[in-house]
Amino acid sequence: MGLKSFLSKPFAAYVVKKQTEWVQNPSRAQDKVFNNLIEVGKTTAFGKDHHFADIKNYEDFKKHVPIVDYEQLRPYVDRIIKGESDILWRGKPAYFAKTSGTTSGAKYIPLTKDSIPNHINSARNAMLNYVHETGNSKFLDRKLIFLSGSPILDTSGEILTGRLSGIVNHHVPGYLRRNQMPSYDTNCIEDWEIKLEHIIDETLAQDMSLISGIPPWVQMYFDRIQERTGKSIKEVFPNFEMFIYGGVNFEPYRKKLYDSIGKDIPSIELFPASEGFFAFQDSQEEEGLLLQLDSGIFYEFIPSEEYFDENPTRLRIEDVEVGKNYALIINSNAGLWGYSIGDTVKFVSKDPYRLIVSGRIKHYISAFGEHVIGEEVEKAMKHALEQFPEVKITEFSVAPQVTPTDGLPYHEWLISYESEPNNPEEFALSIDNKLRELNTYYDDLITGSICRTLVITPLQRDAFQQYMKSIGKLGGQNKVPRLSNDRKIADLISEWKK
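To start, this report covers the structure provided alongside it. Note that the structure is predicted; figures quoted are calculated from it, not measured.

With that settled, consider the overall build of the chain. A tally of helices and strands in the chain yields 18 helices and 20 strands. Expressed as lengths along the three principal axes of its C-alpha atoms, the size of the chain is roughly 65 × 60 × 45 Å. Here the chain holds 498 residues, and 55% of them are scored as buried. Considering only contacts in the chain between residues 6 or more positions apart, those separated by 24 or more positions represent 66%. Measuring between centres, the 58 positive side-chain charges of the chain sit 6 Å from its 70 negative side-chain charges.

See the structure below:
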């Protein structure tokens, strides 16, 4: 046992003990965060504009602070870029995390000296929870690879700016830095395909034990290694024993990824975003991700069906229900107030508060009033893959076809296969039947002959990679939306039909 592995165990015990204190007192933890945020917020331009001096409790807060998205917060961000201080949080941000926007183009999400520990400590604590629960810590003594964005930073005004994963790269704890791969120079390569080849050059001969990244890009790394070596990943990295991921539901990728590895290995799921690190998988035995209630973020929850209402219900943590979809709203020491991150979550437990990420507020299909969400299509695909073990998929996305050239409208599932079903019609029907079971509105459309059952369009194996490359978003933290309510993505990606 190496020194890192040895020392990690008492440190993990300490971290979990401190964690247990707020896990057992969730409302008190959130009250403490709330009061600190309001106290600091009073001194900011946003706080003065929204009468923070008059806020005594959460009910007051809801009266003064509206739910906003980036576009509504952007005037304050623009003031920061122009050089003003004390706008959204005290002083100036340490960084801007630059991320893709929609109507706004790029978004600049502030990271402050107070909020950075949320990102760094949450990632660290996810690993330490695993060490504490399982007693396994040997992976910390070997090489660790983090597939991330470039750590090269630009400036916006006077603020250092870059991708979140690149910014975090500058804050990797020293005790992990010597084990970390790839090298800094390789990590700085912007072109993903060139970067991938350099990563493989550097890692093939290493004793790799942990790999972290978004599943489709990790799969691309594995595929290239297998093409080069003709070996499974476990043969190349015999001590590979931990996979850490976030950003997408792992289930559609699990079978192909583990087949590439050649064995099942433990994994840890994370729920990070540029706006904050919200939750992580704290147990290998229990479902869901532990919501970080003592990490500088005060959470609100809006029932997803009310999200687009003029005055939606806003709930604190103690008011949520298990099994119900909520839009996640955050208030943080990064200076985000009433901020909708765009994700929906569903609690699987209230003791402790564990959740799953169920989808995106704007990523749904409701062309006919069915309101199919990401969680439902993920579950339907998982069910079909279990029923048809010969099938392996690379990626998929779903869109409505409202005006087909003939016949009734339908949902089109665009799928890149690693290996196709022996009976494509039965595979499609398996997905469709499960989706009908999960969504009664969709079932009503099929039963009432408003729509026909779904249609699968097979794509080339690398279709999604080619699509992402065509729009300049290949690799890093980028991902294709699982479903859309229009055909913008579907029509573009159809260029790579089989």
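Scanning all chains against the criterion turns up 29 aromatic pairs. Summarising the aromatic geometry, the rings of W89 and W337 are spaced 6.3 Å apart at their centres and angled 35° between planes, so their arrangement reads as tilted. With W89 in the loop between helix 5 (70-81) and strand 1 (95-100) and W337 in the loop between strand 13 (325-332) and strand 14 (339-350), this residue pair connects regions lying 248 residues apart in the sequence. Ring geometry for F388 versus F427: centroids 5.5 Å apart, planes at 90°, classification edge-to-face. Taken together, the residues F388 in the loop between helix 14 (374-387) and strand 18 (392-401) and F427 in helix 15 (residues 424-438) connect sequence positions 39 residues apart. By relative accessible area, which is 14% here, F388 ends up buried. Ring pairing ties together the aromatic residues F34, F46, F52, Y58, F61, Y76, W89, F298 and W337, which thus form one cluster. Here the basic side chain of R482 rests over the ring of F396, its NZ or CZ set 4.1 Å away from the ring centre.

Bringing the environment of L140 into the picture now. Mapping L140 onto the fold places it in the loop between helix 6 (116-134) and strand 3 (143-146). The spacing of L140 and N179 is 39 residues in sequence and 8.1 Å in space, taken between C-alpha atoms. Apart from residues no more than four positions distant in its own chain, L140 is found in contact with K4, S8, V131, L176 and N179.

Residues L3, F6 and L7 make up a contiguous nonpolar surface patch of roughly 340 Å² in combined accessible area. Structurally, F6 is set in helix 1 (residues 3-23).

With respect to the helices and strands, the residue I493 is situated in helix 18 (residues 488-493). Taking the C-alpha atoms as reference points, I493 and F139, 354 residues apart in sequence, are found 39 Å from one another. In this view, I493 contacts L414, L459, A463, F464 and Y467; residues no more than four positions away in its chain are not counted.

Pairing of strand 3 with strand 7 (residues 208-212), which is carried by four bridges, proceeds in the parallel orientation. Within the sheet, the bridge partner assigned to I145 lies in strand 7 and is I211. Strand direction decides the pairing type here: strand 3 and strand 6 (residues 180-181), joined by two bridges, are parallel. Bridge assignment links L144 to a residue of strand 6, and that residue is Q180.

Turning our eyes to something else, we now look at the pattern of salt bridges. When their charged atoms lie close together, side chains carrying opposite charge are able to pair. Applying the stated criterion across every chain yields a total of 38 salt bridges. A salt bridge links R316 to D31; the nearest nitrogen and oxygen atoms lie 2.6 Å apart. Linking R316 in the loop between strand 12 (297-303) and strand 13 with D31 in helix 2 (residues 26-41), this pair joins segments that are 285 residues apart in sequence. With relative accessibility at 9%, the residue R316 sits in the buried group. Of the charged contacts in the structure, one is a salt bridge between R163 and E190, with a shortest N-O distance of 3.4 Å. With R163 in the loop between strand 5 (159-162) and helix 7 (164-169) and E190 in the loop between helix 9 (184-187) and helix 10 (192-203), this pair connects stretches of sequence that are 27 residues apart. The partly exposed category is assigned to R163, whose relative accessible area is 36%.

As a further point, take the sheet that holds strand 11 (residues 289-291). Picture the strands of a sheet paired through backbone hydrogen bonds; they go either parallel or antiparallel. Read from one edge to the other, the open sheet built from 11 strands follows the order 6-3-7-8-9-10-11-15-14-13-12, with strand pairing classed as mixed. With one partner strand each, in any of the chains shown, strand 6 and strand 12 form the two edges of the open sheet. Lying on the sheet, helix 2 is in contact with strand 12, strand 13 and strand 15 (353-360); it crosses strand 12 at an angle near 110°. Where helix 6 meets the sheet, it contacts strand 7, strand 8 (242-246), strand 9 (267-273), strand 10 (276-280) and strand 12, and its direction lies at approximately 15° from that of strand 10.

Right, let's get into the pairing of strand 15. Pairing analysis gives two bridges linking strand 11 to strand 15, with the strands arranged antiparallel. Paired with L290 across the strands is R354, a residue of strand 15. Two elements, strand 14 and strand 15, share seven bridges in a ladder whose sense is antiparallel. Bridge assignment links F347 to a residue of strand 15, and that residue is L355.

What counts, and at which threshold
- Residues numbered from 1 in each chain as written.
- Predicted model: local features only at pLDDT ≥ 70, side-chain atom pairs only at ≥ 80, totals over all residues.
- Heavy atoms only, no water.
- Helix = DSSP H or I, 4+ residues; strand = E, 2+ residues; numbered from the N terminus.
- Buried < 20%, exposed > 50% of the residue type's maximum accessible area, 1.4 Å probe, protein only.
- Contact = heavy atoms within 4.5 Å.
- Lys, Arg positive; Asp, Glu negative; His and termini not counted.
- Charge placed at Lys NZ, Arg CZ, Asp CG, Glu CD.
- Phe/Tyr/Trp six-rings, centres within 6.5 Å; stacked < 30°, edge-to-face > 60°.
- Lys NZ or Arg CZ within 6 Å of the ring centre and 35° of its normal.
- Patch = residues over 30% accessible without salt bridge, like charges linked within 9 Å, V, L, I, M, F, W, Y side chains within 5 Å.
- Areas by Shrake-Rupley, 256 points an atom, 1.4 Å probe, with all protein chains shown as cover.
- Salt bridge = Lys/Arg side-chain N within 4 Å of Asp/Glu carboxyl O.
- Pairing = 2+ DSSP bridges.
- Axes fitted to C-alpha atoms, helices over the stretch in contact; angles between N-to-C directions.

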